[in-house]
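Architecture and fold: a report
Residue strings, one per chain:
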Amino acid sequence: MASQTIGQNIHQAVNSKINQSIGSKINQTISQAISTGVFPGAVLLCSKNGNIVFHEAYGMADIFEPRKMHENSVFDLASLTKPLATTLAVSILVEKGELFLDQKIGKILTEFADTDKADISIDSLLRHCSGFSAHREYYRQIIEVNEDPRGFLRQLLVKEPLEYRMNERQVYSDLGFMVLSWIIEKTGGRRLDEFVYEQIYSPLGIEDLFFLPLGPDTGKLDSCREKLASTQDCPWRKRVLKGEVDDDNAWAAGGIEGHAGLFGTAEAVHDLCLEIMNAVQNKSTNVLSSDIIRNLASGKNQFEMTAGFDTPAKKNSSSGQYFSASSLGHLGFTGTSFWMDPKNSFLVVFLTNRVHPLRSNMGIKEFRPRLHDLLVTHLL
């Protein structure tokens with residue numbers, strides 16, 4: 001497949017493709033959410049048939065400094081890491097024949113060979129039906145370790161008791177994606193951040209998706225520092241987080257994990273999602289395999305989530321009422337989301353800093369579906 005910049009011809013005449021009254025209604029809706037404290041700031045990007053039709057920034061990236069939000073603001077994407085880094089990395093390894101979706105983790109990682117987790121498959125990890133629990137506060141133990149925090153995290157994963165039998169039910173799990181990042185590193189021969197940049201982001205010409213590892217190497221952080229949307233005023237790290245992954249476990253492990261750690265702009269998320277949507281639609285792609293992505297995007301055992309992606313819930317979906325049943329999306333804890341509708345070639349990236357300054361602010365749950373309904377009604 002040819003390597004070229006995704007979306008190189010589509011970023012034209014943004015917002016001029018919708019009439020002024022529709023733009024005003026969208027602006028008013030988001031501005032009202034800011035004024036009522038749903039989030040301090042946001043960036044909204046929508047595209048139809050691959051063409052960006054709306055891209056706007058709102059509010060504040062940091063309420064303390066203060067800094068305004070801009071269209072190229074960089075967000076902690078939180079769990080968007082799962083579909084946009086970890087899942088796609090697995091798809092590349094499957095395409096290369098270096099991994100198989102039905103492969104058992106005990107055959108890849110010898111640490112699991114003699115445990116009750118040996119027969120967990122790659123596919124079940126991606127589909128959140130492996131038996132791993134949803135979340136553990138591993139960071140409380142990790143921060144007490146002076147050396148090799150990632151190695152210690154992996155010891156905890158090996159020892160972690162399973163909550164149910166594989167494929168018995170679906171439990172959205174950070175832990176499963178931590179195991180997947182380990183598998184990617186073992187199979188791909190390099191760290192997750194290096195793998196996705198070399199194999200996916202760089203070939204697509206996407207520079208504004210990246211991890212920010214903790215430590216002395218601050219080159220990438222320095223280059224994007226003024227564009228960063230701040231997250232929580234963390235009670236145990238005792239500072240407002242800016243350029244440090246908000247997720248406690250990912251931070252404690254060094255900033256790069258399979259469930260969280262990815263940073264990026266709305267446009268970069270859009271461009272990668274467009275490649276994914278093209279694959280789902282069986283259109284020409286530059287990096288991803290349509291056959292593999294279509295397999296990952298397909299449902300299984302009547303579970304709501306597919307392999308690495310979420311689908312619209314039958315009731316109270318964050319995508320609202322009007323995205324088609326074939327739609328794929330994902331949410332991030334920090335207030336980020338994307339939803340793509342392959343049936344209608346419609347894509348919405350909505351990034352906010354709703355955890356700034358407090359994680360307890362949950363107003364976005366009610367706001368997201370209303371916004372998506374408004375966008376589908378007026379832009380589709």
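Predicted model only: the values in this text are computed from it and were never measured.

Relative to strand β2 (residues 51–62), strand β1 (residues 41–48) is paired through eight bridges, and the arrangement is antiparallel. Residue Ser-47 lies in a different strand from β2, and its bridge partner there is Ile-52. Between the antiparallel neighbours β1 and β2 lie two residues, among them Asn-49 with a positive phi of about 55°. With two bridges connecting them, β2 and strand β3 (residues 67–68) associate as antiparallel partners. When the bridges of β3 are listed, Asp-62 appears paired with Arg-67.

Turning our attention to the side chain of His-372. Along the chain, His-372 turns up in helix α13 (residues 364–379). Leaving out residues up to four positions away in the same chain, His-372 has contacts with Ser-318, Ser-319, Gly-320, Phe-323, Ser-337, Trp-339 and Val-348.

Attention shifts here to the packing of helix α6 (residues 149–159) against helix α7 (residues 174–188). Running from N to C, α6 and α7 cross one another at 120°; their axes reach a closest spacing of 11 Å. As summarised for this structure, α6 and α7 are arranged oblique, according to the angle between their axes. Considering the relative orientation of α6 and α7, their crossing is left-handed. The segment α6 lies against α7, with Arg-150, Leu-153, Arg-154, Leu-157 and Val-158 engaging Leu-175, Met-178, Val-179, Ser-181, Trp-182 and Glu-185. Across the contact of α6 with α7, the residue classes tally to seven nonpolar, one polar and three charged.

In this section: the pairing of strand β10 (residues 336–341). Most of β10 sits out of view: six of its six residues are buried. Here β10 shows a buried face lined by Thr-336, Phe-338 and Met-340 and a second buried face lined by Ser-337, Trp-339 and Asp-341. Sheet topology note: the strand β9 (residues 328–332)/β10 ladder contains five bridges and is antiparallel. Paired with Leu-331 across the strands is Ser-337, a residue of β10. Turn length for the β9-β10 hairpin, with the two strands adjacent in sequence and antiparallel, is three residues, and the turn residue Gly-335 shows positive phi of about 115°. For β10 and strand β11 (residues 346–352), the ladder comprises six bridges, and the chain directions are antiparallel. What sits directly across from Met-340, in β11, is Leu-347. The loop that links β10 with its antiparallel partner β11 comprises four residues; one of these, Ser-345, has a positive phi angle of about 50°.

Roughly 600 Å³ of volume is contained in the largest pocket. If you go around the largest pocket, you meet 22 residues; those closest to its centre are Asp-310, Leu-331, Gly-332, Lys-365 and Arg-368. Elements that contribute at least two residues to the lining of the largest pocket include exactly β9 and α13. Within the lining of the largest pocket, the residues separate by chemical class into nine nonpolar, eight polar and five charged.

All right, on to the sheet that holds β10 then. On the basis of which strands lie adjacent, the open sheet formed by six strands has the order β3-β2-β1-β11-β10-β9 and antiparallel pairing. Among the strands making up the open sheet, the edge pair consists of β3 and β9. Here helix α11 (residues 266–280) sits on the sheet and contacts β1, β2, β9, β10 and β11; the angle it forms with β11, its principal contact strand, is near 150°. Relative to the sheet, α13 contacts β1, β2, β9, β10 and β11, its axis offset from that of β11 by approximately 145°.

Another aspect to go through is the packing of aromatic side chains. Using the criterion set out here, one finds eight aromatic pairs in the structure. Look at Phe-323 and Phe-346: their rings are 5.9 Å apart centre to centre, the planes differ by 40°, and that puts the pair in the tilted class. Here Phe-323, found in the loop between α12 (290–297) and β9, pairs with Phe-346, found in strand β11; they are 23 residues apart in sequence, far enough to count as distant. By the burial criterion, Phe-323 is buried, and Phe-346 matches it. The structure contains a cluster of three or more aromatic residues connected by ring pairs, namely Phe-39, Phe-350 and Phe-367.

Right, let's talk about the packing of helix α2 (residues 81–95) against α7 for a bit. For the pair α2 and α7, interaxial distance at closest approach is 10 Å and the crossing angle is 40°. The angle between the axes of α2 and α7 places the two elements in the oblique class. The handedness of the crossing between α2 and α7 is left-handed. Where α2 approaches α7, its residues Lys-82, Thr-86, Thr-87, Ala-89, Val-90 and Leu-93 are matched on the opposing element by Asp-174, Phe-177, Leu-180, Ser-181, Ile-184, Thr-187 and Gly-188. Of the residues belonging to the contact of α2 with α7, the class tally is six nonpolar, five polar and two charged.

Each value, and the rule that gives it
- Residues numbered from 1 in each chain as written.
- Predicted model: local features only at pLDDT ≥ 70, side-chain atom pairs only at ≥ 80, totals over all residues.
- Heavy atoms only, no water.
- Pairing = 2+ DSSP bridges.
- Helix = DSSP H or I, 4+ residues; strand = E, 2+ residues; numbered from the N terminus.
- Contact = heavy atoms within 4.5 Å.
- Axes fitted to C-alpha atoms, helices over the stretch in contact; angles between N-to-C directions.
- Parallel < 35°, antiparallel > 145°, perpendicular 65-115°, else oblique.
- Left-handed = near helix turned anticlockwise from the far one by under 90°.
- Nonpolar A, V, L, I, M, F, W, Y, C, P; charged D, E, K, R; others polar.
- Buried < 20%, exposed > 50% of the residue type's maximum accessible area, 1.4 Å probe, protein only.
- 1 Å grid on protein atoms, 1.4 Å probe; cavity = no way out; pocket = protein on both sides within 12 Å on 5 of 7 lines; lining within 4 Å.
- Points joined across faces, edges and corners; volume = space filled by probe spheres on them.
- Phe/Tyr/Trp six-rings, centres within 6.5 Å; stacked < 30°, edge-to-face > 60°.

Purely geometric numbers; function is a separate question.
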